[in-house]
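Structure at a glance
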Amino acid sequence: MKKRYGLSLSIVGKKLQSLANNIHRNNIEEKNLEKSKKKQEMGTTINSWKSQKPQSFTKKLLLYVLLAILPIVLLRFYLYPSHFPHSTSSVNHFSNYSPSIPEEKETENGVSDSNQMPYKEKGIVNRVLNPAKTVSKENEDEEHEVIHSSASLSLSTKEKESGNGTSQEEMIETPPTCDYTNGEWVEDDKGPLYNGSSCGTIKDGQNCMGHGRPDTGYLYWKWRPRQCDLQRFDPESFLRIIEGKHLAFVGDSMARNQLESLLCMLSSVSPPNLVYTNGDENKFRRWHFPSHNANVSIYWSPFLVKGFEKTNDGKLNHNKLYFDSVDERWASDLDTIDMVVLSIGHWYLHPAMYFDGDFVLGCHYVEGENCTEVEFFDVFGKAFNTTLKGIVERKNLQGNKIDVIVTTFSPHHFEGDWDKFGACPRTKPFTEDEKVLEGMDAKMRKAEVGEVENAVTLLNREQNSVPNVRVAALDVTKLAMLRPDGHPGPYMYPNPFADGIKERVQNDCVHWCLPGPIDTWNEIMFDIMKRWHTTSTR
């Protein structure tokens, strides 16, 4: 090994000596050349001569530096041969194209649980699908997001690819939302768009004008939000939004009450045709607006979930509700529905047993059954959880879009017994100082709005985005609470006092006169729809 290195050094030395001799010879020739140039260029200026001198000196300096370094470099590679290090840039570059697949596991609610999902978002997803499960107070405070539910438009985020192939997050902004619950009833000289004789779809029990109600002051009020301008209902614009679509109302008699209000408002410019009817008391009906090829339907479903109603023959004295599945009487038509309005509430006050499949969850005021008494507020929220989850799952599989609006609970205004004279005698709205939302009404509203907020939160999560579904709450509980003057009362029947005033008379202090305050529900719904419509053309 030493002989080989010695031989190599000898060869290097000879080459270096030869190189040095050549350099020396060149230096001598360069000096002679410079002397001859000096003699020939005596007439040149001194500045020109000075500019050449440093150039010659620089060349010499560089040559001597090269002579000093070159032997050291050659000696280094002879004595310590080594490989050049491999560049890792190409490896790192291609590793960026390897997709990072999060490890997933199946949770007990059937949703893939990604370990890369932040803890806060995991909690929200599991809480939405399993509302009965408890979470810590700290996490609950983190997860809760305040949404003006009456116009809780879902913001959608999407990724777009930039020119260099990187992913950038783009936020689609919606128009400003409005908290419709923050407002007051003010007098309005314009009055309603229709009356008891101009609209043929008013249910007989809500035709207060036709049944002889003498006062008309309840017709001349409008709701004025403090944060936005709620415009008067425009039937033509509404029909343009639902042109070629199917709008369905699903729920109990309050859903039917709102539907009939909408039909009357729309028929003021375009009369519809009744094209389908089925069920007792025509609980399933559909109207067609040929002017805009639009369909509006009503589906009777007082629980939204699967259920069996109590019978009048005494064979079943309570309702049976199954919270593991939605009511297929309306859900089976979801593939044909473009927008659905959900409105229930008062049937949950009746005696009932609650099931999850074959498992008994509890009951409410059921005699003769050995079951745990359960607050109906809890199962009321569970019904909306099951319903919204079912809509999202089905629409996600079907691929077509749907807008979902939840009309919140509408309080009754009975003052004493339902069958006494003057059960709901008021003729003007309450002021906010006179009436506060509390008790059962507040709890029912909270259950609905809470489920809507959870659904909106879930739909807005990037990894759980379901662009086919938009959800909002038509939060009218406070508005309705302030209108004790808008019910039929004894005028649910024609001319109830034709034979004089009686001590006992049946009253309806739950539903609304048509026309009446419930027309405002549809004005707010129209405003929500306009905001959706301007956000994206669907």
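Residues numbered from 1 in each chain as written. Predicted model: local features only at pLDDT ≥ 70, side-chain atom pairs only at ≥ 80, totals over all residues. Heavy atoms only, no water.

On to the overall build of the protein chain. When helices and strands are tallied, the protein chain shows 12 helices and 17 strands. Counting every position in the protein chain, which comprises 538 residues, the buried fraction comes to 43%. When contacts within the protein chain are restricted to residue pairs at least 6 apart in sequence, long-range pairs at least 24 apart make up 73% of them. If you sum the accessible surface of the protein chain, you get close to 30,100 Å²; carbon and sulfur atoms cover 52% of it. (Helix = DSSP H or I, 4+ residues; strand = E, 2+ residues; numbered from the N terminus. Buried < 20%, exposed > 50% of the residue type's maximum accessible area, 1.4 Å probe, protein only. Contact = heavy atoms within 4.5 Å. Areas by Shrake-Rupley, 256 points an atom, 1.4 Å probe, with all protein chains shown as cover.)

Oppositely charged side chains may form a pair once their charged atoms are brought near each other. Tallied over the entire structure, the rule returns 14 salt bridges. We note a salt bridge from Asp 417 to Arg 504, for which the minimum N-O separation is 3.6 Å. Taken together, the positions of Asp 417 in the loop between strand S16 (402-407) and helix H10 (439-460) and Arg 504 in the loop between helix H11 (477-481) and helix H12 (518-535) put the pair 87 residues apart, joining distant regions of the chain. Put simply, Arg 226, Glu 432 and Lys 478 are held in one network by salt bridges that share partners. (Salt bridge = Lys/Arg side-chain N within 4 Å of Asp/Glu carboxyl O.)

On to the state of the cysteines. One pass over the full model with this rule turns up 5 disulfides. Between the sulfur of Cys 199 and that of Cys 264 lies a disulfide, 2.0 Å long from S to S. Handedness of the Cys 199-Cys 264 disulfide follows from its S-S torsion of about -80 degrees: it is left-handed. Taken together, the residues span a long stretch of sequence, with Cys 199 in the loop between strand S5 (183-187) and strand S6 (221-225) and Cys 264 in helix H7 (residues 253-267) at a distance of 65 residues. The partner cysteine of Cys 208 in its disulfide is Cys 513, sulfur to sulfur 1.9 Å. On the S-S bond that ties Cys 208 to Cys 513, the torsion sits near -85 degrees, and the link is left-handed. With Cys 208 in the loop between S5 and S6 and Cys 513 in the loop between H11 and H12, the pair connects residues that are 305 residues apart, well separated along the chain. (Disulfide = S-S within 2.5 Å.)

Time to look at the nonpolar core. One broad trend across soluble globular proteins is that nonpolar side chains are buried collectively. Ranked by internal contacts, the top residues of the largest apolar core, which has 51 residues, are Phe 238, Phe 249, Trp 521 and Met 525. Residue contacts for Met 525: discarding those within four places in its chain leaves Phe 238, Phe 249, Gln 258, Leu 262, Met 339, Val 341, Ile 405 and Leu 474. Core analysis: the second largest hydrophobic core is formed by 45 residues, Tyr 299, Leu 388, Val 452 and Val 469 among them. (Core = buried A, V, L, I, M, F, W, Y, C linked by side-chain atoms within 4.5 Å.)

In this model, the second largest pocket occupies a volume close to 860 Å³. Ser 253, Arg 256, Trp 347, His 350 and His 511 are the residues nearest the centre of the second largest pocket, which is lined by 27 residues in total. Top element by residues in the lining of the second largest pocket is H7. It accounts for 3 residues. In the lining of the second largest pocket, the residues fall into 10 nonpolar, 9 polar and 8 charged. (1 Å grid on protein atoms, 1.4 Å probe; cavity = no way out; pocket = protein on both sides within 12 Å on 5 of 7 lines; lining within 4 Å. Points joined across faces, edges and corners; volume = space filled by probe spheres on them. Nonpolar A, V, L, I, M, F, W, Y, C, P; charged D, E, K, R; others polar.)

A few words now on the pairing of strand S17 (residues 469-474). For S17, the tally of buried residues reaches 6 of 6 residues, placing the bulk of the element in the interior. Taken together, the 6 bridges between S16 and S17 define a ladder with parallel strand orientation. Paired with Ile 405 across the two strands is Ala 472, which belongs to S17. (Pairing = 2+ DSSP bridges.)

A sheet is described by the order of its strands in space; here 7 strands give the open sequence S8-S9-S10-S7-S13-S16-S17, paired in mixed fashion. What marks the edges here is a single partner per strand, and that holds for strand S8 (273-278) and S17. Neighbour-to-neighbour, the strand axes of this sheet turn through a mean angle of 15 degrees, independent of strand direction. H10 contacts S16 and S17 of the sheet and is inclined by roughly 155 degrees relative to S17. Sitting on the sheet, H12 is in contact with strand S7 (246-251), strand S13 (339-343), S16 and S17, with an inclination near 150 degrees to S17. (Axes fitted to C-alpha atoms, helices over the stretch in contact; angles between N-to-C directions.)

On the accessibility criterion, Asp 417 (43% relative accessible area) is partly exposed. Taking C-alpha positions, Asp 417 is 9.5 Å from Arg 504, a pair spaced 87 residues apart along the chain.

Our next topic: the sheet that holds strand S15 (residues 359-364). One open sheet accounts for 4 strands, arranged S11-S12-S14-S15; its pairing is mixed. Each having just a single partner strand, strand S11 (305-308) and S15 make up the two edges of the open sheet. Neighbour-to-neighbour, the strand axes of the sheet open up by a mean angle of 25 degrees, direction not taken into account. With 4 bridges connecting them, strand S12 (residues 319-326) and strand S14 (residues 352-356) associate as parallel partners. Note on S14: the bridge partner recorded for Tyr 322 is Phe 355. Its contacts with the sheet put helix H9 (residues 376-398) on S11, S12, S14 and S15, and the angle it makes with S12 is roughly 35 degrees.

As a further point, take empty space enclosed by the protein. In this approach, a probe sized like a water molecule rolls over the atoms, and the result shows the empty space that is left. Scanning all chains against the criterion turns up 3 cavities of 30 Å³ or more. Put simply, the parts of the chain that give the lining of the largest cavity at least two residues each are H7 and H12. In terms of residue class, the lining of the largest cavity is made up of 5 nonpolar, 7 polar and 1 charged.

The subject of this paragraph is the packing of H9 against H10. Following both chains from N to C, one finds H9 and H10 inclined at 25 degrees, their axes separated by 9 Å at the closest point. Between H9 and H10, the interaxial angle falls into the category roughly parallel. The handedness of the crossing between H9 and H10 comes out as right-handed. Across from Phe 376, Phe 377, Phe 380, Gly 381, Phe 384, Asn 385, Leu 388 and Val 392 in H9, the residues of H10 making contact are Met 440, Lys 443, Met 444, Ala 447, Glu 448, Glu 451, Val 452, Ala 455 and Leu 459. Taken together, the residues of the contact of H9 with H10 break down into 12 nonpolar, 2 polar and 3 charged. (Parallel < 35°, antiparallel > 145°, perpendicular 65-115°, else oblique. Left-handed = near helix turned anticlockwise from the far one by under 90°.)

We describe a pair of aromatic rings using the distance from one ring centre to the other and the angle between the two ring planes. As enumerated under the stated definition, the model contains 17 aromatic pairs in all. Between Phe 238 and Phe 526, the ring centres sit 5.7 Å apart and the planes meet at 50 degrees, which makes this aromatic pair tilted. Of this pair, Phe 238 sits in helix H6 (residues 235-241) while Phe 526 sits in helix H12, and the two are 288 residues apart along the sequence. Of the two residues examined, Phe 238 and Phe 526, each falls in the buried class. Aromatic ring contacts, followed pair by pair, group Trp 300, Phe 303, Trp 347, Tyr 348, Phe 380 and Phe 384 into a single cluster. Lys 283 extends its terminal NZ or CZ atom over the ring of Trp 300, reaching a point 4.4 Å from the ring centre. (Phe/Tyr/Trp six-rings, centres within 6.5 Å; stacked < 30°, edge-to-face > 60°. Lys NZ or Arg CZ within 6 Å of the ring centre and 35° of its normal.)

By themselves, these are just geometric observations and shouldn't be taken as functional.
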